[in-house]
Amino acid sequence: MTEPTKRRLRDQFSGTPTFVAENMRIVGNLHGNGPVVVCGRIEGDGEIAGGVQIAAGARWQGNLHAEHAIVAGHIEGDLIIDDKLEVGFSAVIKGRVRARSIAIARGAIIEGEMQVTGSAAPIHFLEKRAEK
């Protein structure tokens, strides 16, 4: 039996995630393995070997480097993603963005330079699913 194709980046997150709860604020740098799900606030740089999901309403102040990411919240700092980046319609990113591939929902705001390191141009899409 074959596994179903995981079309969305969200479907590819596996393992036990580390959660930063909605009412939590962490000050300091984060280093570790993903997946990391941020619903609260982080003030510091992050170096995550794996995936990061920044929920709508969440905030990250500082630079973030991860394998892949889904951003629906606010980031103030540079975002370096080694593989895929999905930017939701509620996202606001203020800083440089670099990723192998980028998908951006209509309504997202990116204030800064954007660099795609892969061969495909950024994909623009209309968000059809509600944020979880």
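Scroll up to find the structure.
Parameters and conventions
- Residues numbered from 1 in each chain as written.
- Predicted model: local features only at pLDDT ≥ 70, side-chain atom pairs only at ≥ 80, totals over all residues.
- Heavy atoms only, no water.
- Helix = DSSP H or I, 4+ residues; strand = E, 2+ residues; numbered from the N terminus.
- Buried < 20%, exposed > 50% of the residue type's maximum accessible area, 1.4 Å probe, protein only.
- Areas by Shrake-Rupley, 256 points an atom, 1.4 Å probe, with all protein chains shown as cover.
- Pairing = 2+ DSSP bridges.
- Axes fitted to C-alpha atoms, helices over the stretch in contact; angles between N-to-C directions.
- Salt bridge = Lys/Arg side-chain N within 4 Å of Asp/Glu carboxyl O.
- Core = buried A, V, L, I, M, F, W, Y, C linked by side-chain atoms within 4.5 Å.
- Contact = heavy atoms within 4.5 Å.

All right, on to the overall build of the chain then. What the chain contains, in helices and strands, is 0 helices and 15 strands. By residue count, 39% of the 132 residues in the chain fall in the buried class. When the accessible surface of the chain is split by element, carbon and sulfur atoms take 50% of a total near 7,600 Å².

Spatial ordering of the open sheet is given by β2-β5-β7-β9-β11-β13, a layout of 6 strands whose pairing is parallel. Of all the strands in the sheet, just β2 (25-27) and β13 (109-111) have a single pairing partner and so form its edges. Direction aside, the axes of adjacent strands within the sheet are offset by 5° on average.

Attention shifts here to the pattern of salt bridges. Side chains that differ in sign of charge can pair as their charged atoms come close. By the definition in use, this model includes 4 salt bridges. Among the salt bridges present, the one from Arg-25 reaches Glu-43, with a minimum N-O distance of 2.9 Å. Of the two residues, Arg-25 is situated in strand β2 and Glu-43 in strand β5 (residues 41-43); the sequence distance between them amounts to 18 residues. With a closest N to O distance of 2.4 Å, Asp-83 and Arg-100 form a salt bridge. Taken together, the residues span a long stretch of sequence, with Asp-83 in strand β10 (residues 79-87) and Arg-100 in strand β12 (residues 97-105) at a distance of 17 residues. Judged by relative accessible area, which is 23%, Asp-83 ranks as partly exposed.

Quick look at the nonpolar core now. Val-38, Ile-54, Val-71, Leu-79 and Leu-85 are the most contacted members of the largest nonpolar core, which totals 24 residues. Ignoring any residue separated from it by four or fewer positions in sequence, one finds Leu-79 in contact with Leu-64, Val-71, Leu-85, Ile-93, Arg-96, Val-97 and Arg-98.

The next point concerns unusual backbone geometry. Looking along the chain, the bond that leaves Gly-34 and enters Pro-35 is cis, with omega of 5°. Checked against the element boundaries, Pro-35 lands in the loop between β3 (30-33) and β4 (36-38).

Let's shift gears to the pairing of strand β6 (residues 46-54). Extensive coverage of β6 is indicated by the burial of 7 of its 9 residues. Here 4 bridges tie β3 to β6, and the two strands are oriented parallel to one another. Note on β6: the bridge partner recorded for Gly-32 is Ile-48. Sheet analysis places β4 next to β6, joined by 3 bridges and oriented parallel. Paired with Val-38 across the bridge in β6 is Ile-54. Looking at chain direction, β6 and strand β8 (residues 64-71) are connected through 7 bridges and run parallel. Bridge pairing in β8 places Gly-51 opposite His-68.

A word on the side chain of Asp-78. Here Asp-78 shows up in the loop between β9 (74-76) and β10. Ignoring any residue separated from it by four or fewer positions in sequence, one finds Asp-78 in contact with Gly-62, Asn-63, Leu-64, Gly-95 and Arg-96.

So, on to the pairing of β10. Pairing of β8 with β10 involves 6 bridges; the strand directions are parallel. Along β10, the bridge assignment pairs Leu-64 with Leu-79. As defined by bridge partners, β10 adjoins β12 across 7 bridges and the pair is classed as parallel. The residue bridging Ile-80 from the neighbouring strand is Arg-98, located in β12.

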